[in-house]
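Residues per chain are reported as follows:
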Amino acid sequence: MTDFVVIGGGIAGVSAAAHLSQDASVLLLERETTMAYHTSGRSAAMLVENYGSAGARPLVKAARPFLEDPPEGSVDAPLLSPRAVLWVSPLGGTSHLEEIAEEGRANGANARLLEPGSVVEMAPIIRADWVGGGLFEESGADIDVAGLHQAYVRIARGNGAELRTRSPVSAIERDGSRWKVVAEDDTITCGAVVDAAGAWGDLVARMAGVEPIGLQPMRRTAFMVPGRENSTRWPMIVEADERWYLKPDGVQFLCSLAEETPSEPMDARPRMEDVALAIERINEATNLEIRTVNSQWAGLRTFAPDRDLVIGEDPTAPGFFWLVGQGGIGIQTSPAYGALLAALALGKPLPTALTAAGVDPARTDPARLRGRC
Ligand SMILES: Cc1cc2nc3c(=O)[nH]c(=O)nc-3n(C[C@H](O)[C@H](O)[C@H](O)COP(=O)(O)OP(=O)(O)OC[C@H]3O[C@@H](n4cnc5c(N)ncnc54)[C@H](O)[C@@H]3O)c2cc1C
């Protein structure tokens, strides 16, 4: 008998395991042979403060102290390195920039609007005859995603949690006030289940007899192209309508079409036409003249119907906890949602890092999706 079975070994599952295991016994079950094989291993690895739904912004703020100063012994190198964000708009299309600036100011992000000339000075690849304006945010950062995932694994194991790979959960049954979880040949009895199965979140719920919440996985493509000399410290550049983005990644640029294409839960693969369209748009806005793609991949960003995260106990199924719907911000918010899930599941007060950042558990409560809030 274990207190919690966590299903899914992506960033959400390991963050939950790290936080829950401080006060409870935890078994994490991951279907694949490696834990961050799906979306968590396929991100752009960025922290962008001025991004995500209104409900998620406080989680971004609350996550920062952990990312800047992770618990002793959990990491071998810093998790964050500075990477500013430069939003850019084409001539005649700058209204969205002002909206982003406004949202940023409302949430305390330090964002300043730029004239076209300053955009080109800051990022000489942007074409002067394309750009209409920019918005600069200094507070962004690259996240060492593998280091962060490993930090949670270390903390969880250090607290006595067991993390199993090659363990697909195939059945979940209620057993009085407990749950029975079947994974391969093993049946585990536990007090509560945490559904951190990403794109498969609704399928896991269905297994447990819990009504799905309408999760929608959305495919997003990314690819690497050769960088420019001295480009390693340049900002991430994001088209303000999110039609493409790129960021320096070592000696390469990581590029994306920034698309949201509905998908079934699956091992997502990039489509040639998405890569080609991104290259066309980036070549129109920059002087990069991309002709070579070094590597490409795709991942699923999974959203709840209202695009806020879903964190907490299902009102219809005591002992069934959701930790899904992280969309495009599941890496940068992971320390905060892991802490929130653990406080709710263990019946403890919210940690001060969450309350100080204005995290409101009602915003992410699954009950809102059951029409009970
Ligand atoms: C191209 C791209 C760029 C992104 N950029 C950023 C970024 O810059 N910053 C940011 O914060 N976020 C970013 N994201 C979003 C981020 O990657 C996700 O929000 C996050 O990884 C979701 O984590 P997860 O653990 O929920 O999902 P996953 O990593 O997919 O983990 C879910 C796990 O559950 C397992 N599972 C499913 N069903 C079962 C079962 N029955 N039994 C056992 N295991 C099961 C799966 O095998 C999987 O490993 C990006 C995403 C993409 C695709």
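Whatever comes next refers back to the structure up there.
Quick summary incoming for the structure in this document. (Residues numbered from 1 in each chain as written. Predicted model: local features only at pLDDT ≥ 70, side-chain atom pairs only at ≥ 80, totals over all residues. Heavy atoms only, no water.)

Evaluated as defined, the whole model comprises 24 salt bridges. The salt bridge partner of D129 is R127, with a shortest N-O separation of 3.5 Å. On the accessibility criterion, D129 (58% relative accessible area) is exposed. Taking the relative accessible area as the measure of exposure, R127 reaches 32% and is therefore partly exposed. We note a salt bridge from R370 to D314, for which the minimum N-O separation is 2.7 Å. Of this pair, R370 sits in the segment after helix 10 (361-364) while D314 sits in the loop between strand 19 (310-313) and strand 20 (320-324); the two residues are 56 residues apart in sequence, bridging distant segments of the chain. For R370, a relative accessible area of 16% gives the class buried. Through salt bridges with shared partners, a single ionic network connects R42, D267 and R269. (Salt bridge = Lys/Arg side-chain N within 4 Å of Asp/Glu carboxyl O. Buried < 20%, exposed > 50% of the residue type's maximum accessible area, 1.4 Å probe, protein only. Helix = DSSP H or I, 4+ residues; strand = E, 2+ residues; numbered from the N terminus.)

Moving on, we come to the packing of aromatic side chains. Under the counting rule described, the total for this entry stands at 6 aromatic pairs. One aromatic cluster is present, built from ring pairs that chain together W179, F320 and W322. When the ring centre of W200 is taken as reference, the NZ or CZ atom of R31 above it lies at 4.4 Å. The ring of Y37 has R42 lying over it, and the distance from NZ or CZ to the ring centre is 5.0 Å. (Phe/Tyr/Trp six-rings, centres within 6.5 Å; stacked < 30°, edge-to-face > 60°. Lys NZ or Arg CZ within 6 Å of the ring centre and 35° of its normal.)

So, about the pairing of strand 14 (residues 236-239). Here strand 14 shows a buried face lined by M236 and V238 and a second buried face lined by I237 and E239. The pairing of strand 5 (residues 85-90) with strand 14 spans 4 bridges and is classified as parallel. By the bridge assignment, W87 is partnered in strand 14 with V238. The pairing of strand 14 with strand 15 (residues 245-249) spans 2 bridges and is antiparallel. Each residue of the ladder has a partner; that of V238, found in strand 15, is Y245. (Pairing = 2+ DSSP bridges.)

Ranked by internal contacts, the top residues of the largest apolar core, which has 71 residues, are L20, W87, L148, V194 and L323. Those residues in contact with L148, other than ones at most four positions away along the chain, are I11, F66, L67, L79, I143, I331 and S334. Core analysis: the next-biggest nonpolar cluster, separate from the first, contains 30 residues, I172, A199, L215 and A317 among them. (Core = buried A, V, L, I, M, F, W, Y, C linked by side-chain atoms within 4.5 Å. Contact = heavy atoms within 4.5 Å.)

Now for the packing of helix 1 (residues 11-20) against helix 8 (residues 334-346). Look at helix 1 against helix 8: their axes get within 8 Å of each other, and the N-to-C directions meet at 50°. Classified by the angle their axes make, helix 1 and helix 8 are oblique. Here helix 1 runs over helix 8; the crossing is right-handed. When helix 1 is examined against helix 8, the residues I11, A12, S15, A16, H19 and L20 are found in contact with a partner set consisting of S334, P335, Y337, G338, A339, L341, A342, A345 and L346. Grouping the amino acids of the contact of helix 1 with helix 8 by side-chain chemistry returns 11 nonpolar, 4 polar and no charged. (Axes fitted to C-alpha atoms, helices over the stretch in contact; angles between N-to-C directions. Parallel < 35°, antiparallel > 145°, perpendicular 65-115°, else oblique. Left-handed = near helix turned anticlockwise from the far one by under 90°. Nonpolar A, V, L, I, M, F, W, Y, C, P; charged D, E, K, R; others polar.)

Here we take up unusual backbone geometry. With a phi close to 50°, R166 is a non-glycine residue in the positive phi region. Within the element layout of this structure, R166 appears in the loop between strand 9 (162-164) and strand 10 (169-175). In this structure R166 comes out as exposed when scored by relative accessible area, which is 54%. Although it is not a glycine, N230 adopts a positive phi angle of roughly 65°. Tracing the sequence through the fold places N230 in the loop between strand 13 (216-226) and strand 14. With relative accessibility at 66%, the residue N230 sits in the exposed group.

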